[in-house]
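Observations on the model geometry
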Amino acid sequence: MHYMVNIYKDIKIINADNLTYAGNLENLKGVENNPNYTFVEADICDKEAIEDISNNNGIDYVVNFAAESYVDSSIRELEVFVKTNVLGTATLLNAAKKQW
Ligand SMILES: NC(=O)c1ccc[n+]([C@@H]2O[C@H](COP(=O)([O-])OP(=O)(O)OC[C@H]3O[C@@H](n4cnc5c(N)ncnc54)[C@H](O)[C@@H]3O)[C@@H](O)[C@H]2O)c1
């Protein structure tokens, strides 16, 4: 995020993250006040929230970094892993298709 926000200053970047155990706003302190950066606390599985972001911002590109990346938890809580990785991706794609 730091790289993208600082290199692509003319591009508006919206970061949607629902701040799971892996998310930490402290990591974004360096970019949070950049004029081209906006943070939205949102779950990528939340159709309404994602469509809101998509419809109100004329999004050109979607990059999906949201993930249950802790391997042990993907084994212990398979449903959460599948939900974010599969349903979340489908929700992002559907919102993009609707806006297209
Ligand atoms: N870190 C690396 O070196 C690396 C290398 C190659 C690929 N990747 C891939 O990049 C992706 C991200 O990796 P990372 O290391 O940044 O992971 P991470 O666990 O540090 O961060 C994942 C982020 O996703 C957010 N998140 C989880 N579920 C969400 C949901 N339903 N809606 C919105 N946000 C959600 C979390 O709050 C967190 O901020 C993964 O798919 C990973 O496999 C990472």
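Only a predicted model underlies this, so the values are computations on that prediction, with no experimental measurement involved. (Residues numbered from 1 in each chain as written. Predicted model: local features only at pLDDT ≥ 70, side-chain atom pairs only at ≥ 80, totals over all residues. Heavy atoms only, no water.)

Quick word on the pattern of salt bridges
Evaluation of the coordinates by the stated rule reveals 3 salt bridges. Salt-bridge contacts for Lys 29 lead to Glu 32; the nearest nitrogen and oxygen are separated by 3.7 Å. Assessed through its relative accessible area of 45%, Lys 29 is described here as partly exposed. Judged by relative accessible area, Glu 32 falls into the partly exposed class, the value being 37%. Taking the shortest distance from any N to any O, the salt bridge between Lys 98 and Glu 51 comes out at 3.1 Å. Of this pair, Lys 98 sits in helix H4 (residues 78–99) while Glu 51 is found in helix H2 (residues 47–57), placing the two residues 47 residues apart along the sequence. With a relative accessible area of 55%, Lys 98 lands in the exposed category. (Salt bridge = Lys/Arg side-chain N within 4 Å of Asp/Glu carboxyl O. Buried < 20%, exposed > 50% of the residue type's maximum accessible area, 1.4 Å probe, protein only. Helix = DSSP H or I, 4+ residues; strand = E, 2+ residues; numbered from the N terminus.)

Section: the nonpolar core
Of all hydrophobic cores here, the largest spans 6 residues; its members are Ala 42, Ile 44, Ile 50, Ile 53, Leu 92 and Ala 95. One finds Val 5, Ile 13, Leu 28 and Val 31 within the second-largest nonpolar core, a separate group that totals 5 residues. (Core = buried A, V, L, I, M, F, W, Y, C linked by side-chain atoms within 4.5 Å.)

With respect to the side chain of Thr 91
Its place among the elements puts Thr 91 in helix H4. Filtering out sequence-adjacent residues up to four positions away, Thr 91 remains in contact with Ile 44, Cys 45, Asp 46, Lys 47 and Ile 50. (Contact = heavy atoms within 4.5 Å.)

So, the site of the ligand
Of all residues adjacent to the ligand, which total 14 residues, the nearest are Asp 17, Asn 18, Asp 43, Ile 44 and Ser 69. Ala 67 places a polar main-chain atom, nitrogen or oxygen, 3.4 Å from an oxygen atom of the ligand. Here a nitrogen atom of the ligand sits 3.1 Å away from a polar atom, N or O, in the side chain of Thr 84. When the free accessible area of the ligand is taken as 830 Å², the share hidden by the protein chains comes to 56%. Residue classes in the shell around the ligand are distributed as 7 nonpolar, 5 polar and 2 charged. (Near = heavy atom within 4 Å. Polar contact = N/O pair within 3.5 Å; in protein donor to acceptor, adjacent residues only side chain to side chain. Areas by Shrake-Rupley, 256 points an atom, 1.4 Å probe, with all protein chains shown as cover. Nonpolar A, V, L, I, M, F, W, Y, C, P; charged D, E, K, R; others polar.)

As for the packing of aromatic side chains
Using the criterion set out here, one finds 1 aromatic pair in the structure. Both rings, one in Tyr 21 and one in Tyr 70, keep their centres 6.5 Å apart while their planes meet at 70°; by these two values the pair is edge-to-face. Note that Tyr 21 is positioned in the loop between strand E1 (13–17) and strand E2 (37–41) and Tyr 70 in the loop between H2 and helix H3 (71–76), a separation of 49 residues in sequence. Residue classification places Tyr 70 among the partly exposed positions, given a relative accessible area of 43%. (Phe/Tyr/Trp six-rings, centres within 6.5 Å; stacked < 30°, edge-to-face > 60°.)

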